[in-house]
Structures are given as structure tokens and as C-alpha cells.
Amino acid sequence: MYVAVKGGERAIDNAHRWLEDERRGDRKVTDLSVDQIKTQLSLSIAKVMAEGSLFDPELASLAIKQARGDLIEAIFLIRAYRTTLPRFGVGQPINTDKMIAKRRISATFKDLPGGQLLGPTFDYTHRLLDFKLLADGSIDEFEPGKDTEQMFQHVTQFLNNEGIIETEETSSSEAESPDLTRQPLEIPANRALRLQALTRSDEGFLLGMAYSTQRGFGRNHPFVGELRIGLISVEFEIPEIGFNIEIAEIEISECETVNQFLGSKTHPPKFTRGYGFVFGQSERKAISMALVDRALRWKELGEVSDGAPAQDEEFVLYHGDNIQATGFVEHIKLPHYVDFQAELELIRKIRKTAFEAKKG
Amino acid sequence: MSNSEEDFNFAYLDEQTKRMIRRALIKAICIPGYQVPFASREMPMPYGWGTGGVQVTAACLQETDVLKVIDQGSDDTTNAVSIRKFFERVAGVKTTENTGKASVIQTRHRIPEQVLSEDQILVYQVPIPEPLRFLEPRETETRVMHALEEYGLMHVKLYEDISINGEISTAYAYPVKVNDRYIMDPSPTPKFDNPKMNFCPAIQLFGAGREQRIYAVPPYTKVISLDFEDYPFEASRAEKTCEICGATNTYLDEVVIDDKGTRMFSCSDSDYCNSQKS
């Protein structure tokens, strides 16, 4: 006689032990240290911090190690940890004018005050495998020049002086920033909430959305006005002492796009903006975010929507979160046999009726 | 996750979060079948594994509670085992497989066969809380449809089912109307279980973590499966007998037992099956 499957508990324990064993891999090879991950896989760290919404390179490294390099799994570990932390206040707005940039480029001007600073970029590398890294891979230290220690005025400021680009204003309703991690997402969302959702959205999802706008699904003619990566300080006002103190210095990527102008007979045309802001060095995502931000702004700018996916706030905001997405997509591997059984019965009954009707 | 239980608040969630969830639960109880938005947290298990149910259970649990967790009707399925272990670890509550002895029952895809009592809470894990979702993908639209009690679309869908297939072709997550007002998704339970929801003495709570919704059916509330006078609702099951306990009135699993595809049928509710055997 068939005996109902028992022993789920033992199966789970064994699966966990096997997983740990595979994570460690060949014991003849040195165990990967969290420090090695932190210092040598910094772009993975950036992704985990950005999509985990927690700036902590050490924990991100630990998560990557524990997740065997699966970054979505690592992001999930960070999110599950982050949500247990108390929220003790709201930091002061970050002023990216004060960034000490290691990279700052503009595609809209040949040269500009402060100059173009390439920084540590893959952009002009030839994508040839460097077989030296297979062997010892010792690399000379690089000392950046003095020009990397300055602050840069934002490129869009130059356009602003002419009044030729829209100015960003903080409306009173946005002064108090909503918190996506403490309130349920409700549509329509204001721009602050949208940006919050986009910065923690999956990079691949945003990249695809941004790409679709360039190919014509909600086209908005973007120029990269400026892309900058560097360190900025985060300040927090401690009520007891009554002034701001610096609580952290974080690396961020910021992208401002300058987009197609719009105007009418009464309103002179202006350039519009898209904005991207991401933890760590993550310019692919910062650019993507700026494009999608701009695409989502059609209503407030008085444009007509093409009905393109990237212009659809509900579509973009509900589907960009990779932790929600991976959970729901993967959950179909859990047992569903009760529902399947119900479907079986139904389809048998409908088929029987159909066959009888055919015969009769 | 750390191995030390002292690192966690009772039932994992912090008290503020539990309070937020309890407020949503109270609102849900007051408006039967209405989907209350709540600030769902990331849990240490993935979305889709029952994070909504786990949060609702965490907000309901007290130290004296006895918890039962089932998935597909059984206490032994891997995810039921995993969630039960989670609460044993972070809440230290007693657990049981005995339906009658549980004060809180968290379930995925089934309602126990044994009639529940006034002292019990049944917590459902819900993937898609919106019964209209597959007719209208936009949340902004479906919320308006509920507000206006505009359910024509659903009736047209059921009618079209009949005109195409000769009957309503929904076998699970069969829509119900609660307290003559809201159309509600009973979660993906087989429609066999729907009648158990009607005037159930226990509190029925529904948690959808990823979708950030909580809804509820208070005790002794009217829950009617949608149908037509000439095509009345029918709670269907495999017309077989459980080969383990001999029950003829329970929902059955169909199990393939050899390479030739021979089937056997047995109760999906493992606790009920055991109790009938002895």
C-alpha cells in the first residue's frame, strides 16, 4: 500500500547541509573571505546594496558569500535583515553638488568647468580576456590626480542659468518623503515615491524598460546631461543636540538626463529632465532609471501617453521589484497538487460531457 | 539568520509592525471581504511561500497559542514543516497536527475537513487577493469596481464559461460573495472547500504579503459561492473513497503509484485521515 510521504523535516535538514557543502566547494581551494568580496567584487556589492536598500558593504559581502554569488538571493538576505532594523528618523537631503567625484562626464558639452573626468570605467577597455589574471595578476597601484578631489557644479545648472531646462521644485506634498518600505505602494504615486521604487528595482528590469523607450515605446530623446559617481556625506539631525552630524559617507551614482523639450504657443519650450540615483558605482542602472523616470513623467508634463510599458506607472512600479518577482515566479514549484486535482476533476467532467454530446 | 532565538522579538516581527498588522486585521474584520492595504514586510522566506499568512499568524500569536500549519491539507509537506519550525523557533509556541487542538491554523490551499470552532483562527496564505485580477489587471480599476460593487464582469465570465464548456470552469480559487457585499478570493482552495467558509464559527483571516493586502471573514458570516439559479454551485471532489481511512466525504489526493500510471486516492487532510483510521 502507498504510504503518504513523510519525513519532510529530515529532507529539509539534509538539503540545507548539502547546500552549505556546495557553497563551500572544493576544500583544497582557500575559503573566500568577506574582505575579498568587499574589496574585489565592488560592483556586485553595489547592486546588492542598491536593490537591498541598505548601504553596508560588509553585510552585502557576507550576503554574496552566503548566496554563492546569486545576487538576487543576496539582495533577499539583505532585505530580510533590513526590515528588522528600527527606523529612527529621516536623514537630511543629500546634496550631490558636494560630491567628491571619481567620475563625472557630460555627453551634452564638449568641455565644461571642472572638465570631463573618466574615472575607473570599462567604457574604453577592449573586451579581451586578460589571461594574466589567470596567473598572478599583480597590478600596479594607481594614484589619481589632484583633479579628482574637487567638487563639480551640476551640468544642468548651466542650462538652468539660461532658463532653458525645467527647474526641480520640491512641492510641499513631497517635502515629507514617503517610505516604500513602511507603507503599502498605492497608485498613483508621486515622483518621490516612484524614484524610491526605481532605485531599488531590478537593474535588468529597468535596463529593459529604458531600452524599450529608446526603441520607440514611449520615446523621449534622452541626452546624458551628466553622470557622476563619487562619495557624499549623509547627515542626520539629532534632536537632542539640535544640529546635523555626519553619520556616513556613501558612494553613489547619479545621472541627469536632458530630454526632449516641450512647449506650446503660450509656454516657451524647455528641456525636461530624468533622474537616476543609485547606491555604489552602478551607472548602467542610474542611466536606465533616469530614462524610466522621464518616461513615467508624461502626465505631470502634460504629454500624451503612447501607452508604452515604460510610461505605465502601475506596470513599472508593480513589476520592478526583483524580490517580489522572484518569489512569485518561483513559488509555482511549491506543491500545488490540491488545485491540480481540482482541475483534473473539472477537465474530466467537461470532456465526458463533450464526448457524450458527440455520441448522442 | 542567526541561530540565537534571543535575537528575535516574540513571533519574529517587532511590536510596531504587529500593531500595524493588527490594525489592518481589525479593519478587515469590520468590513468583511474588503481588501485592506498593509505595509507588508520582507520575511525571511520568499514571497509566494506564505509571507502574508506568516505575518498575520505572527500578529495573532500569543504565548499560550497552539499552532498548526498545513499545506495542501497536510502537516508533512515541506513548506508546512518549514513554517511550523519557523514559529517554533521565533515564538516558542506549542505546535500540533491535531486540528481540534490548534488555536491558530495557518493553511495553504485547503480548509481542514473537521468543522472549526469559535476558539480558532484560520489564517490563509493568499497569492493574488484580487478575485477580479484575471479579468482586469489594473489595481486602480479593480478597487473602483469593488467600491461601486460593479461585478458584472465576473458574472459575464461565469456565463461565458457555461456557454463554452457547459459549466463554470473554475476548480479552485472559486469566487465568493461575502456578507452580500464584496466579491472575495477564497485563496486557491479547491471549490470543494468553499461551503466550509459559510457561517464558519472560526475567524478566517487572509494574508497576501507580496500584494500587501489583508482581508477577513468574521465568525458566522454569510459566504456564498457565485452561481446562477439554473447552474447552481457544486462542491466537487473525486468520486472515490479514501484508500487509507475509507472516508467518502473528503477531498482526495490522486497519487500515481507505479510506472503504469495506476492511481490511488487518499485524504488530502492528513490529520483527518489519521483520526478516521484509529
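Everything discussed here concerns the structure shown above.
Attention here is on the structure that accompanies the text. (Residues numbered from 1 in each chain as written. Chains lettered and ligands numbered in written order. Predicted model: local features only at pLDDT ≥ 70, side-chain atom pairs only at ≥ 80, totals over all residues. Heavy atoms only, no water.)

**Some words on the nonpolar core**
Judged by nonpolar contacts, the single largest core of 53 residues is most densely connected at A:Val48, A:Ile64, A:Leu198, A:Ile252, A:Val292, A:Val316 and A:Leu317. Counting residues per element, this core draws most heavily on helix H10 (residues 283–296) of chain A, which supplies 7 residues. Summarising the domain contributions, this core has at least three residues from each of domain 1 (9–82) and domain 2 (96–120 + 148–320) of chain A. A:Val316 has contacts with A:Leu198, A:Phe205, A:Met209, A:Val292, A:Leu296, A:Pro309 and A:Ala310, leaving out every residue within four places of it along the chain. B:Cys60, B:Leu61, B:Val123 and B:Tyr174 belong to the second largest nonpolar core, which has 48 residues in total. (Core = buried A, V, L, I, M, F, W, Y, C linked by side-chain atoms within 4.5 Å. Buried < 20%, exposed > 50% of the residue type's maximum accessible area, 1.4 Å probe, protein only. Helix = DSSP H or I, 4+ residues; strand = E, 2+ residues; numbered from the N terminus. Domains from an automatic or database assignment. Contact = heavy atoms within 4.5 Å.)

**A look at the packing of aromatic side chains**
All names here are of chain B. Across all of its chains, the model carries 9 aromatic pairs over all chains by this definition. Ring geometry for Tyr-124 and Phe-206: centres 4.1 Å apart, planes at 10°, overall stacked. Of this pair, Tyr-124 sits in strand S5 (residues 121–125) while Phe-206 sits in strand S8 (residues 203–208), and the two are 82 residues apart along the sequence. Tyr-124 sits in the buried class, given a relative accessible area of 1%. With a relative accessible area of 0%, Phe-206 lands in the buried category. Ring centres 4.9 Å apart and planes at 65° place the aromatic pair Tyr-174 and Phe-233 in the edge-to-face group. Of the two residues, Tyr-174 is situated in the loop between helix H5 (152–165) and strand S6 (176–178) and Phe-233 in the loop between strand S10 (223–225) and strand S11 (252–256); the sequence distance between them amounts to 59 residues. Judged by relative accessible area, Tyr-174 falls into the buried class, the value being 1%. Among the aromatic residues, ring-to-ring pairing joins Tyr-12, Phe-86 and Phe-87 into one connected group. (Phe/Tyr/Trp six-rings, centres within 6.5 Å; stacked < 30°, edge-to-face > 60°.)

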